Amino acid sequence: MDIVGTPVAGPARTLAIIPALNERECIGAVIEHLRDSLPEVDVVVVDDGSTDDTAAVAAAAGARVVQLPFNLGVGGALRAGLKFARRNGYTHAVQVDADGQHDPSHVRQLLDALDAGAALAVGSRFVRDAGDYEVGLVRRLAMRLLSWLVAILLGQRIEDTTSGFRAFGPEAIEMLADRYPRDYLSDTVETLLLVGYRGLPIVEVPVQMHGRAGGLPSARNARLAYHYVRMVLVIGATASLNARRARRPGGAR
Amino acid sequence: MSSAQLAGLGVTAICLVFLIGLLRRGHLRAKYVMVWMPVSLAMLVFSVVPGLLDDVSLWIGIAYPPALLFMLAIALLLLICMHFSWELSRVEERLRLLAEAIAIRDAEHDRSTAMPPHRHEVAGLAAVPPAGMHPPSSTPGGVRDGSWLDA
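None of the values given here were measured: they were computed from a predicted structure.

A. Here's a closer look at the overall build of chain A. The number of helices and strands found in chain A is 9 helices and 7 strands. In chain A, the share of contacts with a sequence separation of at least 24, taken over all contacts with a separation of at least 6, comes to 78%. Surface accessibility of chain A: about 11300 Å² in total, with carbon and sulfur atoms responsible for 54%.

This is the structure:
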């Protein structure tokens, strides 16, 4: 059961990874929309332990399906998807939400950013939309603090640190297929740090998202607080100046 | 600072550095570091703040301050052990699901071949090595790697 691949080489092939948990209503439409807008991109749906027939609906819509035997969370599903990408010779990968919030036209922009040299392209809602302000002040400030911490460590300001709309280049896939963090908040924020500490370039691309404002989902306060503290601990423990060194002219990895 | 306080501080500092080190190297999940942190931090507080243990004991009504320390330590350890039991239960159930998935997938894939894979080579994985120096069991029914508590 060889799940350790070799580094991806060869002609550019792109895989869209859609983590999905009980999304049988939307997943078909999302896949079709994606395949219509970007016919050269293959689609894999990572079924994260759905109890409905998401996998069957996805397969019928023309996607490959990786069916996890139990729920691992978005981070777990993404790592499985990236392993699938690496194993099957994909050079580029893009994470797309199963609920239709991510517009396939923006996928093209993310991929273009990768072609321009980025290792990780993050789709960010630079303009804060109305939905965000429904979230409490404490939460907003707390997330702002987290973003600030990340900006200090990376030497680069990232507006939307919790965006799940990202595209990965070959080096990012190679590393993250083994190391993609599983925990809530880590799967977005810590990934940025992991990529940045390697000296790999991160680029933010302005996008708009449909429907509910992503970024700060309505997680229960206790859960968010716990993962927030955990994130601060992890960030503190693993802090490194590598990213800043790499950004300095002439700086090595 | 008294020598006792210094010793307490020293031990706690070593614990914390050790914990952070394990986290950095990916040997411990952040979740478990956070479970052990309260223990280290409590030790830190009690070793650094002079007389805190005595004052709190007095306030609660415990005549012998070290008893408070033991009580707290035991309570924390009990909670941690219970947490581990819960986690182990989850992990065991997930292992079952994985085992089923692999076995059934093998069966469905190997419909074409005459011989099922050797029991000790399921899906290319080696058999679970038996504990100690006993040779692998030749009894039918697969690998038995321990606990009669399981089945």
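B. View of the interface of chain A and chain B. Taken together, the contact pairs 15 residues of chain A with 15 residues of chain B. For the pairing of chain A and chain B, the buried interface totals around 1400 Å² over both sides, and the portion due to carbon and sulfur atoms is 67%. With its nearest N and O atoms 2.6 Å apart, the salt bridge here joins Asp183(A) to Arg29(B). Counting across the interface, chain A meets chain B through 3 residue pairs in polar contact (both at pLDDT 80 or more). For the side of chain A that touches chain B, the class distribution of residues is 10 nonpolar, 2 polar and 3 charged.

C. A look at helix H3 (residues 73–87) of chain A. Residue and element names in this part refer to chain A. Taking 1.5 Å of rise per residue, 15 residues should cover 21 Å, and H3 covers 21 Å from first to last C-alpha, within 8% of that figure. H3 sits mainly inside the fold: 11 of its 15 residues count as buried. If you check which residues of H3 are buried, you get Gly-75, Gly-76, Ala-77, Leu-78, Ala-80, Gly-81, Leu-82, Lys-83, Phe-84, Ala-85 and Arg-86.

D. Broad picture of helix H1 (residues 27–37) of chain A. All names here are of chain A. Turning to H1, its buried residues are Ile-27, Gly-28, Val-30, Ile-31 and Leu-34. Taken around the axis of H1, the buried residues stretch over an arc of 165°, which confines them to a single face. The inward-facing, buried residues of H1 abut strand E1 (14–20), strand E2 (42–48), helix H2 (54–60) and helix H4 (104–115).

E. Structural context of the sheet that holds strand E7 (residues 202–206) of chain A. All names here are of chain A. Here we have 7 strands laid out as an open sheet, ordered E3-E2-E1-E4-E6-E5-E7, and mixed in their pairing. Across the chains shown, the open sheet's two edge strands, defined by having one partner strand only, are strand E3 (64–68) and E7. Pairwise comparison of adjacent strand axes, ignoring direction, gives a mean angle of 20° for this sheet. In terms of strand pairing, strand E5 (residues 120–124) meets E7 through 5 bridges, oriented parallel. Residue pairing for E7: Val-122 is matched across the bridge by Glu-204.

F. Here's a closer look at unusual backbone geometry. Residues and elements named next belong to chain A. One non-glycine residue with positive phi stands out, namely Asn-22, at about 50°. Structurally, the position occupied by Asn-22 is in the loop between E1 and H1. The phi dihedral of Leu-185 is positive, around 75°, even though this residue is not glycine. Locating Leu-185 in the fold gives a position in the loop between helix H6 (170–179) and helix H7 (186–197).

G. Representation of the side chain of Asp48(A) in the model. Within the element layout of this structure, Asp48(A) appears in strand E2. Setting aside anything within four residues of it in sequence, one finds Asp48(A) in contact with Ala20(A), Leu21(A), Leu68(A), Phe70(A), Asn71(A), Leu72(A), Gly73(A), Val74(A) and Ala77(A).

H. Main features of the nonpolar core. Residues and elements named next belong to chain A. Counting residues in each nonpolar core, the largest one holds 55 residues, and the members touching the most others are Ile-17, Leu-82, Leu-146, Leu-154, Phe-168, Leu-176 and Ile-202. Top element by residues in this core is helix H8 (residues 221–238). It accounts for 7 residues. Apart from residues no more than four positions distant in its own chain, Phe-168 is found in contact with Leu-78, Leu-82, Thr-91, His-92, Ala-93, Gln-95, Leu-114, Ala-119, Leu-120, Ile-173, Leu-176 and Tyr-180. With 30 residues, the next largest nonpolar core counts Ala-16, Leu-34, Val-43 and Val-107 among its residues.

I. Main features of the packing of aromatic side chains. For the structure on display, the rule yields 3 aromatic pairs over all chains. Pairing Tyr32(B) with Phe84(B) gives two aromatic rings, centres 5.8 Å apart and planes at 70°, and the pair type is edge-to-face. Placement of the pair is Tyr32(B) in helix H2 (residues 30–48) and Phe84(B) in helix H4 (residues 65–109), with a sequence separation of 52 residues. Given the relative accessible area of 30%, Phe84(B) is considered partly exposed. Members of the aromatic cluster, connected to one another through ring pairs, are Tyr32(B), Trp36(B) and Phe84(B). Sitting above the plane of the Tyr90(A) ring, Arg13(A) keeps its charged end 4.2 Å from the centroid. The ring of Tyr184(A) carries the charged tip of Arg223(A) above its face, separated from the ring centre by 4.1 Å.

J. Geometry of the packing of helix H1 (residues 3–24) of chain B against H2(B). Residues and elements named next belong to chain B. As a packed pair, H1 and H2 sit with axes 9 Å apart at the nearest point and diverge in direction by 165°. As summarised for this structure, H1 and H2 are arranged roughly antiparallel, according to the angle between their axes. Considering how the two elements wind past one another, H1 and H2 form a crossing that is left-handed. Contacts from Gln-5, Gly-8, Leu-9, Val-11, Thr-12, Cys-15, Leu-16, Leu-19, Ile-20 and Leu-23 in H1 reach Ala-30, Val-33, Trp-36, Met-37, Ser-40, Met-43, Leu-44, Ser-47 and Val-48 in H2. Residues that form the contact of H1 with H2 fall into these classes: 14 nonpolar, 5 polar and no charged.

K. Molecular detail of the environment of Arg166(A). Residues and elements named next belong to chain A. Within the fold, Arg-166 resides in strand E6 (residues 166–168). Each C-alpha atom of the pair Arg-166 and Leu-120 lies 7.0 Å from the other, and the pair is 46 residues apart in sequence. Excluding its chain neighbours within four sequence positions, the residues that come into contact with Arg-166 are Ala-93, Val-94, Gln-95, Leu-110, Leu-120, Ala-121, Val-122, Tyr-180, Asp-187, Thr-188, Thr-191 and Leu-192. There is a polar contact of 3.3 Å between the side chain of Arg-166 and the backbone oxygen of Ser-163. Reaching out from Arg-166, the side chain makes a polar contact with the backbone oxygen of Asp-187 at a distance of 2.9 Å.

Conventions and cut-offs
Residues numbered from 1 in each chain as written. Chains lettered and ligands numbered in written order. Predicted model: local features only at pLDDT ≥ 70, side-chain atom pairs only at ≥ 80, totals over all residues. Heavy atoms only, no water. Helix = DSSP H or I, 4+ residues; strand = E, 2+ residues; numbered from the N terminus. Contact = heavy atoms within 4.5 Å. Areas by Shrake-Rupley, 256 points an atom, 1.4 Å probe, with all protein chains shown as cover. Buried area = accessible area lost by both parts, 1.4 Å probe. Salt bridge = Lys/Arg side-chain N within 4 Å of Asp/Glu carboxyl O. Polar contact = N/O pair within 3.5 Å; in protein donor to acceptor, adjacent residues only side chain to side chain. Nonpolar A, V, L, I, M, F, W, Y, C, P; charged D, E, K, R; others polar. Expected span 1.5 Å × (residues − 1). Buried < 20%, exposed > 50% of the residue type's maximum accessible area, 1.4 Å probe, protein only. Arc of directions from axis to C-beta. Pairing = 2+ DSSP bridges. Axes fitted to C-alpha atoms, helices over the stretch in contact; angles between N-to-C directions. Core = buried A, V, L, I, M, F, W, Y, C linked by side-chain atoms within 4.5 Å. Phe/Tyr/Trp six-rings, centres within 6.5 Å; stacked < 30°, edge-to-face > 60°. Lys NZ or Arg CZ within 6 Å of the ring centre and 35° of its normal. Parallel < 35°, antiparallel > 145°, perpendicular 65-115°, else oblique. Left-handed = near helix turned anticlockwise from the far one by under 90°.

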